[in-house]
Amino acid sequence: MTLIRISFLEGEHLSNAIYWFNNDLRLSDNPALSHALCREPVIGFVYCFDPKLFSTGRFLSKSMGAIRYRFLRESIDCLDAQLNLHGQHLNVYYQHPVKLIKQLYQDYKVTRIYVSVHAGYYERKTIGQVQHLIPDIEFIRLDTHTLYKSDELPFPINDLPATFSKFRKLIEQSDLKVAAPMPRPYDFSRPLIEKKEWRAALPDYASSTGQFKGGERAGLVHLTQYFSQNHAQTYKHTRNVLDEWGASTKFSPWLAHGCISPKHVAHLLKQHESRKGANESTYWIYFELLWREYFQWYAHKHSYKLFTFKGIQNSKPLTSFYDERYQRWCQGNTLYPIVNACMKQLNATGYMSNRGRQLVASCFVNELKLDWRYGAAYFEEQLVDYDVASNWGNWQYLAGTGADPRGLRHFNLEKQTEIYDPQKIFINKWKGNDTCLSHDAIDAVGWPLEPPIEELS
Ligand code: FAD
């Protein structure tokens with residue numbers, strides 16, 4: 001898409017507009033932002049933390065854990081610093097988004113809001129609530145979070161195939177090409193909202209940087225470094241390794257928050273292939289991006305069903321909620337050393353490999369007989385790369401209530417340990433054996449340790 005900025009006379013503008021950053025915390029390859037800058041001579045940039053994200057929800061977890069919050073704050077700071085270079089700034093608010101927009105409507109007569117399309121049901125519901133409350137406000141929504149735009153797909157979203165394999169075939173058989181990423185905008189509209197001191201109004205965050213540093217800058221550095229090395233050439237064979245930086249791309253935190261775009265990843269992947277050669281491993285990175293793509297459109301199509309016990313299959317799992325088992329799983333204190341090691345890795349870093357996620361989710365549902373939604377909610381709090389569509393879609397898939405035609409996924413944890421950690425290096429590193437209850441101890445107290453506290457439907 002080529003965008004030409006309309007020139008405006010000083011003082012003249014179409015309306016008072018804001019750009020509401022959300023899952024698109026970047027300037028480059030951001031079609032919604034470029035579109036807004038072309039149309040609006042005056043614009044305010046906002047980001048909003050709903051305080052509800054920080055309180056414990058229905059499934060015993062918070063939506064926002066400490067590690068993701070730090071990553072987000074770093075990403076927001078990076079965005080603000082980049083806007084400052086263009087005479088603009090970001091204002092960050094800590095309040096319910098509907099209230100915020102009502103306030104902006106009153107204070108600045110905001111009538112146009114530009115926002116990236118979001119796959120989340122509740123995020124879309126918020127926009128619906130604003131539209132209902134203030135019909136004067138027009139929302140302009142553009143796809144920024146996916147490889148393809150919704151109207152480029154070879155089917156309407158409501159006809160999204162029931163399985164990933166069918167989806168992939170349709171995409172690959174069509175002539176669809178990933179569009180080139182858009183350049184960073186250089187010409188910025190004037191600020192609508194005066195700069196406010198917002199940092200003090202937000203919850204504190206620990207300053208330790210950990211494995212992942214938030215922000216577009218850090219994301220682009222990592223992306224460029226990854227493709228300048230040779231990891232992509234062997235990705236298919238290493239991607240299941242439980243604990244090694246170069247084994248998989250580690251793009252997920254930046255993709256989840258929109259610090260980098262999937263189109264940008266696909267573009268650099270193509271460049272890497274032309275420099276170093278294409279093979280099944282380089283293809284497999286695109287294949288995994290397609291999984292991500294599938295879950296994005298899946299969340300759009302199934303909306304609230306992404307969060308229901310029976311999922312999209314409408315079949316009731318034979319699981320429930322047992323508090324002690326759940327707590328043991330969360331803390332990495334189960335009978336299964338590999339699960340314990342993975343959970344401790346997650347709690348300490350906010351990250352877990354894809355194989356690890358599959359194993360702990362399978363244990364949650366099949367061994368511990370727990371309601372999958374509590375596990376998904378725990379991941380939501382802990383993961384630095386939490387993405388509503390990828391998380392809840394994958395959990396449903398593993399729990400047998402989602403897009404897997406084979407139903408429940410049950411991994412043999414002993415066999416998986418033999419394959420992925422034969423020397424117990426990962427288990428020892430993360431102390432997977434340390435707090436493990438022995439089988440005898442479990443027998444002594446009896447298992448299950450207590451009756452289910454609620455039967456959920
Ligand atoms: P790579 O293996 O290098 O893959 C490249 C990119 O492809 C990833 O960055 C990611 O964007 C995408 N991708 C890979 N596998 C998947 C997949 N199965 N589903 C969707 N996208 C995929 N991913 C998230 O980004 N956020 C989540 O909240 C999330 N929750 C998950 C929950 C469960 C129970 C499971 C089984 C998987 C979940 N995933 C989630 C998918 C996957 O585990 C992570 O994307 C991946 O481990 C991130 O590491 P990476 O960037 O090195 O991945």
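Residues numbered from 1 in each chain as written. Predicted model: local features only at pLDDT ≥ 70, side-chain atom pairs only at ≥ 80, totals over all residues. Heavy atoms only, no water.

Looking only at helices and strands, the protein chain has 18 helices and six strands in total. Against the globule reference of 23 Å for 457 residues, the protein chain gives a C-alpha radius of gyration of 23 Å, in line with a compact fold. Referenced to the eigenvectors of the C-alpha coordinate spread, the extents of the protein chain come out at roughly 80 × 50 × 45 Å. A total of 457 residues make up the protein chain; the buried ones form 56% of that total. Long-range contacts, defined as pairs at least 24 residues apart, comprise 81% of the intrachain contacts of the protein chain with a sequence gap of at least 6. With the model as given, the accessible surface of the protein chain reaches about 20200 Å², and the carbon-plus-sulfur share is 52%. Across the protein chain, 53 positive and 48 negative side-chain charges occur, with their mean positions spaced 2 Å apart. (Helix = DSSP H or I, 4+ residues; strand = E, 2+ residues; numbered from the N terminus. Rg over C-alpha atoms; globule rule 2.2 N^0.38 Å. Buried < 20%, exposed > 50% of the residue type's maximum accessible area, 1.4 Å probe, protein only. Contact = heavy atoms within 4.5 Å. Areas by Shrake-Rupley, 256 points an atom, 1.4 Å probe, with all protein chains shown as cover. Lys, Arg positive; Asp, Glu negative; His and termini not counted. Charge placed at Lys NZ, Arg CZ, Asp CG, Glu CD.)

What follows concerns the packing of helix H11 (residues 323-331) against helix H14 (residues 372-382). When two helices pack together, their arrangement is captured by the angle between the axes and the distance separating the axes. Between H11 and H14, the shortest axis-to-axis distance is 11 Å and the interhelical angle comes to 35°. Crossing geometry of H11 relative to H14 is assigned as right-handed. Between H11 and H14, the contacting residues are Tyr326, Trp329 and Cys330 on the first element and Tyr374, Gly375, Tyr378 and Phe379 on the second. (Axes fitted to C-alpha atoms, helices over the stretch in contact; angles between N-to-C directions. Left-handed = near helix turned anticlockwise from the far one by under 90°.)

All right, on to the nonpolar core then. A general tendency of soluble globular proteins is for nonpolar side chains to be buried together. Phe21, Phe45, Phe49, Phe227, Trp329 and Trp392 are the most contacted members of the largest nonpolar core, which totals 115 residues. A per-element tally of this core places helix H10 (residues 280-302) first, with 12 residues. The residues touching Trp329, leaving out its near neighbours within four places in the chain, are Thr334, Val339, Met343, Val360, Phe364, Leu368, Gly375, Tyr378, Phe379 and Trp395. Cys48, Val98, Leu104 and Leu192 belong to the second-largest nonpolar core, a separate cluster that totals 21 residues. (Core = buried A, V, L, I, M, F, W, Y, C linked by side-chain atoms within 4.5 Å.)

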